[in-house]
Amino acid sequence: KDGEVNNSRTYHKFRFDGILPMKISQEEVFQVVAKPVIEDVMEGINGTIFAYGQTGSGKTFTITGGAERYEDRGLIPRTIAYIFEEFKK
């Protein structure tokens, strides 16, 4: 059956590096997820943060943040601010 795709797999196994709680702050997400990647990038190691998930699960909010409160800034504005602070040193 050359060329036939079998999509009937019923068992899937996934491995996670960690799971963040529902009530975590944007700052805590930055500290746990982005800061280690940024620090590696500053040392010359390539880094990527990839947001994947169901529609409406909060990917855009996590990456870009909310517009109403400063503490709701997402990973992108926090990363930019962190990098510029590091450049000042």
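Residues numbered from 1 in each chain as written. Predicted model: local features only at pLDDT ≥ 70, side-chain atom pairs only at ≥ 80, totals over all residues. Heavy atoms only, no water.

(A) Structural detail: the side chain of glutamine 26. Note that glutamine 26 resides in helix α1 (residues 26-42). With a relative accessible area of 8%, glutamine 26 lands in the buried category. Separated by 2.9 Å, the side chain of glutamine 26 and the backbone oxygen of phenylalanine 61 make a polar contact. (Helix = DSSP H or I, 4+ residues; strand = E, 2+ residues; numbered from the N terminus. Buried < 20%, exposed > 50% of the residue type's maximum accessible area, 1.4 Å probe, protein only. Polar contact = N/O pair within 3.5 Å; in protein donor to acceptor, adjacent residues only side chain to side chain.)

(B) Fine view of helix α3 (residues 75-88). Look at α3: 20 Å from first C-alpha to last across 14 residues, which is about the 20 Å you get at 1.5 Å a residue. If you check which residues of α3 are buried, you get Leu75, Arg78, Thr79 and Tyr82. Down the axis of α3, the smallest arc covering the buried residues is 100°, so these residues share one side. Summarising the geometry of α3, the exposed residues directed more than 90 degrees from the buried face are Phe84, Phe87 and Lys88. Taken together, the buried residues of α3 touch α1 and α2 (59-64). (Expected span 1.5 Å × (residues − 1). Arc of directions from axis to C-beta. Contact = heavy atoms within 4.5 Å.)

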